[in-house]
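Fold and geometry: a report
Chain residues, written in single-letter form:
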Amino acid sequence: MGSDRTESNDSLLGNGVVGILAETVNMWERRAPLTPSHCARLVLGGGRSTSGVNRIIVQPSTKRIHHDAQYEDAGCEISEDLSECGLIIGIKQPKLEMILPDRAYAFFSHTHKAQKENMPLLDKIIKERVSLFDYELIVDDDGKRLIAFGKFAGRAGLVDFLHGLGRRYLSLGYSTPFLSLGQSHMYPSLAAAKAAVIAVGEEIATFGLPSGILPIVFVFTGSGNVSQGAQEIFKLLPHTFVDAEKLPEISAGKSLSPHYQSTRRAFQLYGCVITSRDMVSPKDPSKCFDKDDYYAHPEHYNPVFHERIAPYASAIVNCMYWERRFPRLLSTEQLQQLVKNGCPLVGICDITCDIGGSIEFVNKSMSIERPFFRYDPSTNLYHDDMEGDGVICLAVDILPTEFSREASQHFGDILSRFVTSLASTKGLLELPSHLRRACIAYSGKLTPLYEYIPRMRKTMIEMSPATANSLPDKKYTHLVSLSGHLFDKFLINEALDIIETAGGSFHLVKCDVGQSIDDMSYSELEVGADETATLDKIIDSLTSIANAHRGDPNATEISLKIGRVSERRIDDSMDKVGPKVLILGAGRVCRPAAEFLASYRNIDINGCNDYNTDQVHVIVASLYQKDAEETIDGIKNATAAQLDVSDIGSLSNLVSQVEVVVSLLPASFHAAIARVCIELKKHLVTASYVDDSMSKLEQAAEGAGVTILCEMGLDPGIDHMLSMKMIDEAHAQKGKIKAFTSFCGGLPSPAAANNPLAYKFSWSPAGAIRAGRNPAVYKFLGEIIHVDGSKLYESAKRIRLPELPAFALEHLPNRNSLMYGDLYGISKEASTVYRSTLRYEGFSEIMAILAKIGLFDARNHPLLEETNRPTYRTFLSELLNVNDISTPNTKVNGEESRGHDDEVISRLMMLGHCKEKELAVKILKTIKFLGLHEETEIPKDCTSALSVISQRMEQRMAYGHDEQDMVLLHHEVEVEYPDGRPAEKHQATLLEFGKSENGRSTTAMALTVGVPAAIGALLLLQNKVQRKGVIRPLEPEIYIPALEILEASGIKLMERVET
């Protein structure tokens, strides 16, 4: 493609001269693609030799957030003339006359979806032989945007709306603290705006809000960046977030007596976040909401937002993208009826600013200086003031520019990393893949990824979708609906190629394009062919690409619907008779759980066996079908299913078909899963801690007769059950618990502990390092001991277990031990309550010194932000305060000279990190094992010392193919007796090693977490757990049979008593 360039173009592209456009589209557009500090770093920080940029020319602007003089001070030139620039960058589209020939441009062009209003711009780009890079298309390999304005629209929008809300309430006769708040652009910074909101919140918390406007309920639509930004501002006010089903209860407070209403005040606001599940309901009452079906066939659903949510909302903050094929969030007729019924709606903050969109009466975009209009539903009239009947509405489409300084800084932090390549590269193929994908046109020619644009334009004929015989040359036609990331991820190319290659043709009947790369698009194509066989082949091929993309973690990329939608079924095996257990997840822990349940016989349900089989049928559901299939490979009586648990409809469908659910997903998913289980009256087991979100479900679960059995793994899990067995047995003998100590750790087996730290990672090293910085508290001989997180490693103590004399171990206090005294009911009697983490001896000593060196610092390091990547050795030199410890380093016979080693040892001792040379030598060995001494460049994705050492640990400290892990759990309970019997020390020990059978390895950690969770499900199937609600395995009805089954399954527990 480079050969197509003209000589003029050849001399400009990649010439290292960057131009920054003056923004001309909107008077309020004050953002800049690069700030003066970014420019200084590019130009003055070494020039083209390091950044690829040797000059930056800035078009003068008197409204830009950063003044021209600031750019001059940063080494830039100020000039209207950008003709010397090979790369010209801006924020919004420039005027057509500003497009210079044979240059490269980068801005938000809004052309890649063939948007009709921007096609003259694209035509100009092609005519002038321009190369166009679109920021919206700079994405990683997973399609995630790498550069955007983040949450600034949501932040600015909500600040502006609160400002208007104060004025509106005043016009209604109520003085509120909101009145003192200004618009976003009135504050010098985002921090200042937040401080003003906090001040409003403090006044609300102190003096309250008038009763006549209570309760104030904010409803946020969607959960993306815009909604998160708006919620970020809302959370600065005193607030409580509630689920949608709780809104009627909050509104019920209005039924209080008039006298009480007149005197009471409230000191908080309410927030509610809703998604499409809360906005629509299936027309077929026998069906549950299904996200995939809704996106493909919205006509199967009725709008319910106006019935279930809007009647209780004071403010609606609309952050969700909408397409015309979906039901509106709120139609004009629905709003008119709501107001007629006396709903409390005061205003709408339409951050999406979608004209005639999801909120039908929004028919115009306002400006920052006049962001509100008032709509009176009773007269269907619009007003520009705040006084009078109706609701106020904020609708501004350029909100991020109100925080121009922070938005520009955020944007430029990312863009500056790309400018270096764009400014210095002459050929498209020389650019990294994420920039090549973002190039819509190169030297005036559409790049292959965007060759669909003229094809789309050609079929976008202004004609009614009902026009008959739109493909008159084709005998057979089919109407095909495609939805997903058709344009952002170039799947439309794939679809159109299939149609044309097979000899078919297409006509675009309808096209709704997502407004951003995060939004899905929808197209209806009339596909034609001369023969039914050809048409069938096209449909089969389109079906194949749709199936190939199903289950993507970033949401379904492409969905295909032809004719009616048939109901999805998991597998014919689901029809088998027998008790069914659903396991959510497909990690290492899931297989032992599935194997145990599928192989366990003689299940007696509810006191009788109503089933024709004595086996449990297990369904393993994962985001990826392939992962679920690998988990159940070779397990009889098991089925794999694809499931996105965030799709509540699909989750409900699966849960309804089983008796018990086992969630081995991350803890953040459990509350949502639990709510579905409660609604469908199904029991749930998890291996995770009971957090606040789960505790809040206690009453609902108990009321539904459902058991949510949590903390049913190893730690927590087996540790609970062993502890309570020992404690309850002691109490049964009239004993008093004097001390409780617990030691637990996941470790490499002795044979695999073959590195200086004697440790290996089966999970994120960064997570493990952060966990090692958590503070701890415990009770020892009646004294409460607090350990600061920064001193945790230094608090480690050695331990030897008589039963296991070969193990040289140490223990570190594990977070809050005191809560376990409360859980186990021994807080008042035990003078010692201590829980700890086990490691091999010497681990903590090394980790403490690595922390002192600075290798656990999570902050971005300046050396790692430079364009020229440092080597590991250079970075180590920086941390050890050495000017250059690589100079004397030479290689002799493949080994590094002693000069470098001696220098490192010297620095470790000189800085006080190591007091003895023997320890410094040990640290040096660790540094060399991790490769931190190597003259190898540090990868670009490492931006902090923590990310550097995590990357090295992940590479050097992973388990080998044939290596085993080990789990060791040891409890000691000291018991005193009041009747003169000698004191006793009760001990319980679990030691389990990873296993390898038939070429498949199972870790000890997976066994000791997965099997207890499966046992919990088994006990629920057998109706042996009578207690309902959110519970832990602390009761005899759980721990006695569970420990018996655990031992019977091959996990051995050693118990003994010493006097």
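Residues numbered from 1 in each chain as written. Predicted model: local features only at pLDDT ≥ 70, side-chain atom pairs only at ≥ 80, totals over all residues. Heavy atoms only, no water.

What the protein chain contains, in helices and strands, is 35 helices and 42 strands. Burial status across the protein chain gives 55% buried among its 1059 residues. Looking at the protein chain alone, contacts between residues at least 24 apart form 72% of all its contacts between residues at least 6 apart. Of the accessible surface of the protein chain, which amounts to about 45,100 Å², a share of 49% is contributed by carbon and sulfur atoms. (Helix = DSSP H or I, 4+ residues; strand = E, 2+ residues; numbered from the N terminus. Buried < 20%, exposed > 50% of the residue type's maximum accessible area, 1.4 Å probe, protein only. Contact = heavy atoms within 4.5 Å. Areas by Shrake-Rupley, 256 points an atom, 1.4 Å probe, with all protein chains shown as cover.)

Right, let's talk about a negative patch on the surface for a bit. Taken together, the side chains of Asp-413, Glu-865, Glu-866 and Glu-878 define an acidic patch exposed on the protein surface. Tracing the sequence through the fold places Glu-878 in helix H30 (residues 872-879). Given a relative accessible area of 42%, Glu-878 falls into the partly exposed group. (Patch = residues over 30% accessible without salt bridge, like charges linked within 9 Å, V, L, I, M, F, W, Y side chains within 5 Å. Salt bridge = Lys/Arg side-chain N within 4 Å of Asp/Glu carboxyl O. Lys, Arg positive; Asp, Glu negative; His and termini not counted. Charge placed at Lys NZ, Arg CZ, Asp CG, Glu CD.)

With 8 of 9 residues buried, strand E34 (residues 832-840) is to be regarded as a mostly interior element. The pairing of strand E29 (residues 736-748) with E34 spans 6 bridges and is parallel. Its bridge partner being in E34, Ala-739 is matched across the sheet by Thr-832. (Pairing = 2+ DSSP bridges.)

Attention shifts here to the sheet that holds strand E1 (residues 17-20). Pairing is mixed across the open sheet formed by 8 strands, whose spatial order is E3-E2-E1-E4-E5-E6-E17-E18. Since the sheet does not close on itself, it has two edges, and those belong to strand E3 (77-78) and strand E18 (445-446), each with one partner. With 3 bridges joining them, E1 and strand E4 (residues 87-89) adopt parallel strand pairing. From the neighbouring strand, Ile-20 faces E4, where its bridge partner is Ile-89. On top of the sheet, helix H15 (residues 404-424) reaches E1, E4 and strand E6 (131-134); it is set at about 155 degrees to E4, its chief contact. (Axes fitted to C-alpha atoms, helices over the stretch in contact; angles between N-to-C directions.)

Looking now at the nonpolar core. Ranked by internal contacts, the top residues of the largest apolar core, which has 157 residues, are Phe-178 and Phe-218. Of all the elements, helix H6 (residues 152-171) adds the most residues to this core, at 9 residues. With sequence-adjacent residues up to four places away left out, Phe-218 is seen in contact with Leu-158, Phe-161, Leu-162, Leu-165, Phe-234, Leu-269, Tyr-270, Gly-271, Cys-272, Ala-315 and Val-317. The next biggest cluster of nonpolar side chains, apart from the first, holds 69 residues, and it includes Ile-583, Val-662, Val-1009 and Ile-1031. (Core = buried A, V, L, I, M, F, W, Y, C linked by side-chain atoms within 4.5 Å.)

A few words now on the packing of aromatic side chains. Counted according to the given criterion, the structure contains 26 aromatic pairs. Geometrically, the ring pair formed by Phe-161 and Phe-218 is edge-to-face, given 6.1 Å between the ring centres and 85 degrees between the ring planes. Note that Phe-161 is positioned in helix H6 and Phe-218 in strand E7 (residues 217-221), a separation of 57 residues in sequence. Classification of Phe-161 as buried rests on a relative accessible area of 0%. Where Tyr-375 meets Tyr-382, the ring centres are 4.9 Å apart and the plane angle is 45 degrees; that geometry is what we call tilted. Residue Tyr-375 is classed as buried on the basis of its relative accessible area, which comes to 0%. The lysine or arginine in question, Arg-952, covers the ring of Tyr-872, its NZ or CZ lying 4.0 Å from the ring centre. (Phe/Tyr/Trp six-rings, centres within 6.5 Å; stacked < 30°, edge-to-face > 60°. Lys NZ or Arg CZ within 6 Å of the ring centre and 35° of its normal.)

A word on empty space enclosed by the protein. Scanning the model with the defined rule gives 2 cavities of 30 Å³ or more in all. The calculated volume of the largest cavity comes to roughly 90 Å³. Lining the largest cavity are 13 residues, with Phe-133, Leu-422, Thr-425, Leu-431 and Tyr-442 sitting closest to its centre. Those elements that place two or more of their residues in the lining of the largest cavity are E6 and H15. Here the lining of the largest cavity is built from residues that sort into 7 nonpolar, 5 polar and 1 charged. Taken as a whole, the second largest cavity encloses approximately 30 Å³ of empty space. Forming the walls of the second largest cavity are Glu-23, Glu-29, Arg-30, Arg-31, Ser-61, Lys-63 and Arg-64. A class-by-class count of the residues in the lining of the second largest cavity yields no nonpolar, 1 polar and 6 charged. (1 Å grid on protein atoms, 1.4 Å probe; cavity = no way out; pocket = protein on both sides within 12 Å on 5 of 7 lines; lining within 4 Å. Points joined across faces, edges and corners; volume = space filled by probe spheres on them. Nonpolar A, V, L, I, M, F, W, Y, C, P; charged D, E, K, R; others polar.)

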